[in-house]
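Now for the letters of each chain:
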Amino acid sequence: MNEEIHEVKCLVDNAPMLSDEGFYLQELSQPISNAVKADYAKAKVTSFICAHHLLKYRVNHVDNLINADLKQSQKINRKLTRALRDDNYDIKDVNDSLQESLTFGQKVSDAVAKFGGSWPFIFIFIVLLIVWMVINGMALFGVHFDPYPYILLNLFLSCFSTIQAPIIMMSQNRAAERDRLDYENDFHVNLKSEHELRILHAKLDHLTQNQLPHDLEVEKLQLEILGEVRTELAKLREENSKLKDKLHQKEN
C-alpha cells in the first residue's frame, strides 16, 4: 500500500474510497492480478480495487489452488490403484509348485544326488574300494575273482559313473527350474515395487513442490485477510469511541 492515504476510485464500481481500503493491482499476486484483468479489460497495474471486491478473487484463488491439488492427488491415486489392479501376477511358492509336480523318477534323482554328494557316500565308496583291492590282491579266503590290475573294478566304476552322472543331471535340471521360478518371482516383485515407488515418488514430489507452496500461499492470504479485518475493527472501535465522546459532550 502507499504510505500517503488519499482518495481513489475502485476499479469495479468506481466508488470513491481511501487508498488504505484496498490494493493496487501491482501489489497483488500474479494469479489474482490476472483474474482481475481478465474480468476488466481496462484494468492496469496502477488500477485500484477495494478490499470488499478483492475478497471474491482471493476466495476464488484459494478454491483454484485447492481444486488443482485435489485433482493432481486423485490422478496419482488412480495411477497407483490401476498399477495394483493391473499387476495380476501371483507370486508362487516355488517349493510347493515343484513338490506337487514331483514324479517318482525325480524323487529318486534327488535322493541319489543328495547321497552322492555327501561325505558318507565318499567314505563308504573308499571302504568298498579298499576291501575290493585287499581281497583280490591278497587272495583272502581263497577269493581271487578280480586280480590286479582290477579290470572288473574299472568296469564297475565306469558303469557306475555312467549311470550316476545323468541321474545327478536330472536333479540339477530341477534345481535350475527352481532357480528360474525364483528369478521370475523376484523379477515381478521388483517390477511391481519399482512401479509403486515411482508413483509414490511422484506423489511426494507433488506434495513438496506444489501442495506445500499452495498451502503456504493460502495461509498467507488468510493472514492478510485477518489483518485487514483487524484493521477494520480498529477503525470501527475508533469511530465508536469518537461517537461516544460526541454524545457525552452533547449531554454535558
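Asks: Describe the layout of surface pockets, with residues and values.
Replies: Computed from the structure, the largest pocket encloses a volume of approximately 230 Å³. In terms of lining residues, the largest pocket is bounded by 14 residues, among which Ala51, His52, Glu228, Val229 and Glu232 are the most central. For the lining of the largest pocket, the secondary-structure elements that each account for two or more residues are helix H2 (51-86) and helix H6 (151-251). The leading source of residues in the lining of the largest pocket is H6, at six residues. Residue classes in the lining of the largest pocket are distributed as five nonpolar, three polar and six charged. For the second largest pocket, the calculated volume is near 160 Å³. Lining the second largest pocket are Phe23, Glu27, Leu28, Ser29, Ile32, Arg58, His61, Glu217, Lys220, Leu221 and Glu224.

Asks: I'd like a description of the packing of helix H4 (residues 104-116) against H6, backed by residues and values.
Replies: Two quantities define a packed helix pair, namely the angle between the helix axes and the distance between the axes. At a closest axis distance of 8 Å, the pairing of H4 and H6 adopts a crossing angle of 105°. Comparing their axes, H6 and H4 come out roughly perpendicular. Residues Gln106, Ser109, Asp110, Val112, Ala113 and Gly116 of H4 form the contact with H6, whose participating residues are Gln164, Ile167, Ile168, Met170, Ser171 and Arg174.

Asks: Give me H6: which residues, what numbers.
Replies: A rise of 1.5 Å per residue sets the reference length of H6, with its 101 residues, at 150 Å; its end C-alpha atoms lie 143 Å apart and thus fit the reference within 8%. Along H6, the sharpest kink reaches roughly 40°, centred on Leu207. Taken as a whole, H6 has its buried residues at Leu153, Gln164, Ser171, Arg174, Leu181, Asn185, Ile199, His206, His214, Val218, Leu221 and Glu228.

Asks: Describe in detail a positive patch on the surface, supporting the description with residues and values.
Replies: On the surface, a cluster of positive charge is made up of Lys75, Arg78, Lys79 and Arg82. Along the chain, Arg82 falls in helix H2.

Asks: So, the environment of Arg180: which residues are in play, and what are the values?
Replies: As for its placement among the helices and strands, Arg180 is situated in helix H6. Considering only alpha carbons, one finds Arg180 and Asn240, 60 residues apart in sequence, at a separation of 86 Å.

Asks: Describe the packing of helix H5 (residues 119-138) against H6, and please don't skip the residues or the numbers.
Replies: Two elements in contact, H5 and H6, have axes whose closest approach is 11 Å; the angle formed by their N-to-C orientations is 160°. Looking at the two axes, H5 sits roughly antiparallel to H6. In this structure, H5 crosses over H6, and the sense of that crossing is right-handed. Contact with H5, carried on its side by Phe121, Phe125, Leu129, Trp132 and Met133, involves Leu152, Leu153, Leu157, Phe160 and Gln164 of H6 and no other residues of that element. The class makeup of the residues in the contact of H5 with H6 is nine nonpolar, one polar and no charged.

Asks: Can you break down the state of the cysteines residue by residue, with the values?
Replies: In the structure shown here, the tally under the stated rule is zero disulfides. The thiol of Cys50 is unpaired, and the distance to the nearest cysteine sulfur, on Cys10, comes to 3.6 Å.

How each quantity is defined
Residue numbers run consecutively from 1 along every chain, following the written order of its sequence. Given that the model is predicted, a residue must reach a pLDDT of at least 70 before its local features are reported, and side-chain atom pairs must reach 80 or more before they are shown or counted; all residues, however, enter totals for whole chains, interfaces and linings. With hydrogens and water set aside, each side-chain value is computed from the structure's full complement of heavy atoms. With a 1 Å grid spanning the protein atoms alone, the term cavity applies to any set of points in which a 1.4 Å probe fits but cannot get out, the term pocket to an open set with protein on both sides within 12 Å along at least five of seven lines, and the term lining residue to any residue with an atom within 4 Å of a point. Grid points are joined across faces, edges and corners, and a volume is the space filled by probe spheres set on the points. For helices the rule is a DSSP run of H or I covering at least 4 residues; for strands it is a run of E covering at least 2, with both sets numbered from the N terminus onward. In the scheme used here, Gly and all other residues not listed as nonpolar or charged are polar, with Ala, Val, Leu, Ile, Met, Phe, Trp, Tyr, Cys and Pro taken as nonpolar and Asp, Glu, Lys and Arg as charged. Between N-to-C directions, angles span 0 to 180 degrees; the directions come from axes that are lines fitted to C-alpha atoms, helices contributing only their stretch in contact. Here roughly perpendicular refers to angles of 65 to 115 degrees, roughly parallel to angles under 35, roughly antiparallel to angles over 145, and oblique to all remaining angles. Two residues form a contact once any of their heavy atoms are found within 4.5 Å. Expected span of a helix: the number of residues minus one, times 1.5 Å. The angle separating two fitted axes, one through the seven residues that finish at a residue and one through the seven that start at it, defines the bend at that residue. Relative accessibility under 20% of the residue-type maximum defines a buried residue, over 50% an exposed one, and the middle range a partly exposed one, all with a 1.4 Å probe and only protein chains included. Like-charged residues are merged into a patch within 9 Å and nonpolar side chains (Val, Leu, Ile, Met, Phe, Trp, Tyr) within 5 Å, provided each residue has over 30% relative accessible area and no salt bridge. Residue exposure ignores everything except the shown protein chains as possible cover, and the areas themselves are Shrake-Rupley values with a 1.4 Å probe. Salt bridges, as used here, are contacts in which a Lys or Arg side-chain nitrogen is within 4 Å of a carboxyl oxygen on Asp or Glu. In summary, the charge assignment counts Lys and Arg as positive and Asp and Glu as negative, without counting His or the chain termini. Each charge is placed at NZ for Lys, CZ for Arg, CG for Asp and CD for Glu. By definition, any crossing whose near helix is turned counterclockwise from its far helix by less than a right angle is left-handed, and any crossing with a clockwise turn is right-handed. What counts as a disulfide here is a pair of cysteine sulfur atoms lying within 2.5 Å.

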